[in-house]
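Topology and contacts: notes
If you want the building blocks of each chain, they are given just below.
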Amino acid sequence: MTRIWINVQPEGLYIRPAAVYVDPVKPVQRAIITHAHADHARPGHVTVYATPETLAIMACRFGNTFCEQPIAVNLGDTIDLPGNVDMRLSPAGHILGSAQVTLTYNNEVATISGDYKRAFDPTCRPFEVQKSDIFITEATFALPVFTHPSIEDELKRLLQSLKDFPGRCHLLGAYALGKCQRLMSVLRRMGYRETIYLHGAQVKLVELYEQFGIDLGHWRKVSDVEDKASLAGKLVIAPPSALADRWSRRLPYVMTCLASGWMQIRARAKQRRVELPLTISDHADWPQLVETIREVDPSQLWVTHGREDALVHHAKQKGIDAMALNLLGYDEDAD
Ligand SMILES: [Zn+2]
Ligand SMILES: [Zn+2]
């Protein structure tokens, strides 16, 4: 029975023969971290296995003492864990350094997806399907109503608005880790050459992405711009929390924009007073979840966090033994 070697503990998913947790929500002796979003990557573990990029982002956010023993594992590499468990990390396509964790024990293969997407993102390696007996998936957007448009189509609307409203500062809310850099990178590919202005909270991680060789074009900190009126017609990227706070009042005639998978729900955009909602997500939408499960072809599907019920139902209809794990401690907001 497979649950004997992988089970759910209060700290998170536990790989029993290797005595290691995946993305634990409390400090543990040994942790595998799928990616550096705050709800998955917490400081205070003793040994941490992760990609070099994830370790670098954790060090950038928490300081070099975020764990006692970091062990870097490259995407595509396999290492031996204690207890005769093999671990391979492979790209999840979610943010820089994000990994799926494939574990092999007694000829049984289990893949823990972490957060993932199949949509275009030039800032990280694309998701790679790992054929598995057990597939443990996220379910943030696991309802058939969630179908995300392409990022290029959404950003075309932003570029058009910048043309149509040259007097307005376009203030775009985007998470500092992953979303901000993906937007910058795709805008550059689409030919946007203007300086992009950044809220101070975005700067450290933008610089870190650049250190990993990702070209984000010319940018400046908003705080370095003396004449704020000169930001009319410009693009400013800030954390979503800054859209409504005092910081944004210094900007001229603001057009509030927000890039999030949740912007597909118009009520959420309205509630946050977003004038230009952009449905751009770093998670798989419903068609991507369904397609991924078909390709991974598991005999068992375990659903970690999000909207579990619809996905479990879908998998059962396809003859897959499926269940919800109801893991706690992971936000749906960091999308
Ligand atoms: Zn994430
Ligand atoms: Zn997550």
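On a predicted model such as this, the values are computed, not experimentally measured, just so you know. (Residues numbered from 1 in each chain as written. Chains lettered and ligands numbered in written order. Predicted model: local features only at pLDDT ≥ 70, side-chain atom pairs only at ≥ 80, totals over all residues.)

Describing the sheet that holds strand β9 (residues 99-105)
- An order of β7-β8-β9-β10-β11-β18-β19 is seen for the 7 strands of this open sheet, with the pairing classed as mixed. In the strand order of this sheet, the two ends are held by β7 (78-81) and β19 (321-324), each with one partner. Each adjacent strand pair in this sheet contributes to an overall mean axis angle of 20°, direction not counted.
- In terms of strand pairing, strand β8 (residues 85-91) meets β9 through 6 bridges, oriented antiparallel. The residue of β9 that forms the bridge with Pro91 is Ala99.
- Those strands touched by helix α7 (residues 308-317) are β11 (134-139), β18 (300-306) and β19, and its axis lies near 170° from that of β19. (Pairing = 2+ DSSP bridges. Helix = DSSP H or I, 4+ residues; strand = E, 2+ residues; numbered from the N terminus. Axes fitted to C-alpha atoms, helices over the stretch in contact; angles between N-to-C directions. Contact = placed C-beta atoms within 7 Å.)

Regarding unusual backbone geometry
- One non-glycine residue with positive phi stands out, namely Ala19, at about 50°.
- Assignment of secondary structure puts Ala19 in the loop between β2 (12-15) and β3 (20-22).
- Ala19 gets classed as partly exposed once you count the C-beta atoms within 10 Å, which come to 14.
- Positive phi is not limited to glycine here, since Asp297 has a value of about 55°.
- With respect to the helices and strands, Asp297 occurs in the loop between α6 (286-296) and β18.
- Accessibility expressed as a C-beta count within 10 Å gives 13 for Asp297, which makes it partly exposed. (Buried ≥ 20, exposed ≤ 12 C-beta atoms within 10 Å, placed from the backbone.)

Regarding the domain arrangement of the chain
- The domain boundaries assigned to the chain delineate domain 1 (2-145 + 283-324) and domain 2 (151-278).
- Taking the mean C-alpha position of each, domain 1 and domain 2 sit 30 Å from one another.
- Of the residues lining the interface, 15 residues belong to domain 1; the matching set on domain 2 comes to 15 residues. (Domains from an automatic or database assignment.)

Regarding helix α4 (residues 200-211)
- Here α4 spans 18 Å end to end across 12 residues, near enough to the 16 Å set by a 1.5 Å rise per residue.
- Taken residue by residue, α4 has Gln202, Leu205, Val206, Leu208 and Tyr209 as its buried positions. Summarising the axial view, the buried residues of α4 lie within an arc of 160°, below the 170-degree limit, and thus occupy one face. Residues of α4 that are exposed and point over 90 degrees away from its buried face: Glu207 and Gln211.
- The inward-facing, buried residues of α4 abut α1 (52-62), α3 (179-189), β13 (196-198), β14 (219-221) and β15 (235-238).
- In the stretch just after α4, Gly213 is the one whose phi turns positive, near 90°. (Expected span 1.5 Å × (residues − 1). Arc of directions from axis to C-beta.)

Overview of α1
- Buried within α1 we find Glu53, Thr54, Leu55, Ile57 and Met58.
- The secondary structure elements touched by the buried residues of α1 are β5 (45-50), β6 (67-72) and α4.

What about the packing of α1 against α4?
- α4 packs onto α1 with a crossing angle of 150° between their chain directions and a minimal axis gap of 11 Å. It follows that α1 is roughly antiparallel to α4 by the angle criterion. You can see that α1 and α4 cross each other, and the crossing is right-handed. Facing Ala56, Ile57 and Cys60 of α1, the residues of α4 in contact are Lys204, Leu205 and Leu208.
- Of the residues assigned to the contact of α1 with α4, the class counts are 5 nonpolar, no polar and 1 charged. (Parallel < 35°, antiparallel > 145°, perpendicular 65-115°, else oblique. Left-handed = near helix turned anticlockwise from the far one by under 90°. Nonpolar A, V, L, I, M, F, W, Y, C, P; charged D, E, K, R; others polar.)

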